[in-house]
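What follows is each chain in one-letter form.
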Amino acid sequence: MALAYPMSLGVHDKYDDAQAAVDFLSDHEFPVEHCMIVGTDLKQLEKVTGRLTTGRVAVGGLLSGIWLGLFVGLIFALFAPSGDALVAVIGAVLFGAVFGLVWALLGYAMTRGRRDFVSVTQVVATRYEVLTEHNLVQQARDLLDGRGGNALT
């Protein structure tokens, strides 16, 4: 993930533009294994997807506990006598459901309403710089200069 003496070929506002520049170089037999696309000026985006209520927390904890209980129950069933396998699975699922429900509600209660929403976060770059090895930079620039209206900015 490093280049020896990297030099910039250009900076782009969109990743697609940086990717297109490297793709153009690849299409013209440039050794693109000596290129990097580096995202800079990182920012975190958080998209709020809904309200978080006690009911929603309870259902989420219950379902999560059921899945964990099913997984553990199936492992127990592998080692249980043949007649007790179903009992082991059902018991583990029930225990997992109760455990997941209680654990989720306790966690939610401990937040005391400070975060009553659900969200998804993502880290994205604001700018994307295309770099290549210093000994290949002129070759790459010549190729990119010849592509017309899509020159690097």
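(A) Layout of the packing of aromatic side chains. The full count for this structure, using the stated rule, is 3 aromatic pairs. For the ring pair Phe99 and Trp103, a centre distance of 6.0 Å and an interplane angle of 10° mean the geometry is stacked. Placement of the pair is Phe99 and Trp103 together in helix α3 (residues 85-111), with a separation of 4 residues, close to one helical turn. Overall, Phe99 belongs to the partly exposed group, its relative accessible area being 44%. Every member of this aromatic cluster is reached through a ring pair, and the members are Phe95, Phe99 and Trp103.

(B) Inspection of the side chain of Glu133 at higher detail. Secondary-structure assignment places Glu133 in strand β3 (residues 117-133). For the buried Glu133, no salt bridge is present, and the opposite-charge side chain at shortest range is Arg141, 13 Å distant. Those residues within four positions of Glu133 in sequence are excluded, and the remaining contacts are Leu3, Ala4, Tyr5 and His34.

(C) Representation of the sheet that holds strand β2 (residues 35-51) within the structure. With antiparallel pairing, 3 strands are arranged side by side in an open sheet as β1-β3-β2. Since the sheet does not close on itself, it has two edges, and those belong to β1 (6-12) and β2, each with one partner. The sheet shows a mean angle of 30° between the axes of neighbouring strands, direction not considered. Pairing of β1 with β3, which is carried by 6 bridges, proceeds in the antiparallel orientation. When the bridges of β3 are listed, His12 appears paired with Tyr128. Together, β1 and β3 form the strand contacts of helix α4 (residues 137-145), whose direction differs from that of β1 by roughly 25°.

Procedures and definitions
- Residues numbered from 1 in each chain as written.
- Predicted model: local features only at pLDDT ≥ 70, side-chain atom pairs only at ≥ 80, totals over all residues.
- Heavy atoms only, no water.
- Phe/Tyr/Trp six-rings, centres within 6.5 Å; stacked < 30°, edge-to-face > 60°.
- Helix = DSSP H or I, 4+ residues; strand = E, 2+ residues; numbered from the N terminus.
- Buried < 20%, exposed > 50% of the residue type's maximum accessible area, 1.4 Å probe, protein only.
- Lys, Arg positive; Asp, Glu negative; His and termini not counted.
- Salt bridge = Lys/Arg side-chain N within 4 Å of Asp/Glu carboxyl O.
- Contact = heavy atoms within 4.5 Å.
- Pairing = 2+ DSSP bridges.
- Axes fitted to C-alpha atoms, helices over the stretch in contact; angles between N-to-C directions.

Interpretation note: all reported values are geometric properties and have no functional meaning in isolation.
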